[in-house]
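As a plain string of letters, each chain reads:
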Amino acid sequence: MKKFFCVVFSVLLIALSAMPAFAVESKNYDHLRGTEINVYNWGEYISDGSDGALDVNAQFEKETGIKVNYNTFDSNENMYNKLKGGGANYDIVIPSDYMIARLIEEGLVQKIDFSNIPNYANIMDKYKNLYFDPNNEYSVPYNVGMVGIIYNTKIVEGNPDSWDLMWNEKYSGQIMNFNNPRDAFAVAQFKLGISINTTDANQWERAYEELKKQKPLVQSYVMDEVFNKMESGEAAIVSYYAGDFLTMHDNNPDLAFYYPKEGMNIFVDSVCIPTSSQNKEAAELYINFLAREDIALANAEYLCYASPNKKVLENEDYSLRDEEILYPANQDELITEYFHNLDPDTQFIMTSLWDNLKIDGNQITGVYIGLISFVVIVAVLVIFTTVRKKRRASYYD
């Protein structure tokens, strides 16, 4: 999070992390020094040392002697495809709830030895025994959030409160939506009053038709690029994660946020260990490190997501503890729904409709590209033939 107090706050955290009370637990991990772990996380989803913030991975390396190889993904689906394809061996992944359920079902993540995670005691009870990991065996909560609408008050009139804003023709070309099927379909499903976990093919078709109506108004489908577009004023309306709004608002105070009255997705992102992990013990040490009070506090301040860590909320230095967007006073009154893992048939329907949506309307562009390519090829052949004739003529001359 690009906040003015980041530098001072990080100096405090680094000082605290050097104290014995905050040191890596007393169990001897010397045999892990010199080893490596491969971490796969969302983009811009860890305190990374920028703007004076604590560099969490560097601090872990300093304390343990374990090298962190850090890579990022921009959607649960892309992360899943990487794990499923077996192209890389990760020791840590941080998926969302519904994807964790799928990874467990398909045997792509393994059980955690919680005797190595004493800081799991810091996680609030309300984020334990959740539907995707009912026996608390495979995951440790990392961040909590909800989806809403970010808009530019200099462009959008009035005080909107509905998903309808995403379909307002007045703002055509200034609207953006998620560039992943689950979140994008949820926008239409909430607007229509359909469960985001429906298995009814007709209801998915209705949501698809709603997204088709929206598409001519959409400037682009986005993930991490949303920051630059909203902060610069290039776009005016987007559905996105509440925590990221606070980061954008720091750089563009004209931005505002609301939770649509029809309802919104609530999510818990959690840390898991893939079955392909080559360094499980170091991975568990890393998970315990992330759940430690000072590290969880650094991440909470930097990322601006709601923290599932009770030690963070109890910490008097936590500047966002009263932030209404993260911890709304009326949260019990909001209409929220978790994503659940969809059955294979429903996943196929969703993916097929999403592919159709992204392709639909691009055929004409494809034709133009084909024609241009044809003209270029013909021009090259004409030039080549002409040059060749000239060379032959000069040869005979």
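What you see is a predicted model, and the numbers here were worked out from it, not measured in a lab. (Residues numbered from 1 in each chain as written. Predicted model: local features only at pLDDT ≥ 70, side-chain atom pairs only at ≥ 80, totals over all residues. Heavy atoms only, no water.)

Quick look at the packing of helix α3 (residues 76-85) against helix α4 (residues 97-105) now. One can describe the packing of α3 onto α4 by two numbers: an axis separation of 10 Å at closest approach and a directional angle of 20 degrees. Relative to α4, the element α3 is oriented roughly parallel. Like other packed secondary-structure pairs, α3 and α4 cross with a definite hand, here right-handed. Residues Asn76, Glu77, Met79, Tyr80 and Leu83 of α3 form the contact with α4, whose participating residues are Tyr98, Met99, Arg102 and Leu103. A per-class count over the contact of α3 with α4 returns 6 nonpolar, 1 polar and 2 charged. (Axes fitted to C-alpha atoms, helices over the stretch in contact; angles between N-to-C directions. Helix = DSSP H or I, 4+ residues; strand = E, 2+ residues; numbered from the N terminus. Parallel < 35°, antiparallel > 145°, perpendicular 65-115°, else oblique. Left-handed = near helix turned anticlockwise from the far one by under 90°. Contact = heavy atoms within 4.5 Å. Nonpolar A, V, L, I, M, F, W, Y, C, P; charged D, E, K, R; others polar.)

Looking now at the packing of aromatic side chains. The tally for this structure, following the rule as stated, stands at 23 aromatic pairs. For the ring pair Phe185 and Trp354, a centre distance of 6.5 Å and an interplane angle of 55 degrees mean the geometry is tilted. Of the two residues, Phe185 is situated in helix α5 (residues 181-192) and Trp354 in helix α12 (residues 344-359); the sequence distance between them amounts to 169 residues. Relative accessible area serves as the criterion here: at 8%, Trp354 is assigned to the buried category. Centroid distance Tyr241 to Phe267: 5.4 Å. Interplanar angle 70 degrees. Geometry classified as edge-to-face. Note that Tyr241 is positioned in strand β8 (residues 237-241) and Phe267 in strand β10 (residues 264-271), a separation of 26 residues in sequence. (Phe/Tyr/Trp six-rings, centres within 6.5 Å; stacked < 30°, edge-to-face > 60°. Buried < 20%, exposed > 50% of the residue type's maximum accessible area, 1.4 Å probe, protein only.)

Let us look at the pattern of salt bridges. Under the definition given, this model contains 13 salt bridges. Between Glu106 and Arg102 there is a salt bridge, with its nearest N and O atoms 3.2 Å apart. Owing to a relative accessible area of 30%, Glu106 belongs among the partly exposed residues under this scheme. We classify Arg102 as buried; its relative accessible area is 16%. Here Glu234 makes a salt bridge to Lys229, at a shortest N to O gap of 2.9 Å. Here Lys229 falls in the buried class, since its relative accessible area comes to 16%. One salt-bridge network, in which partners are shared between bridges, spans Asp164, Lys191, Glu210 and Lys213. (Salt bridge = Lys/Arg side-chain N within 4 Å of Asp/Glu carboxyl O.)

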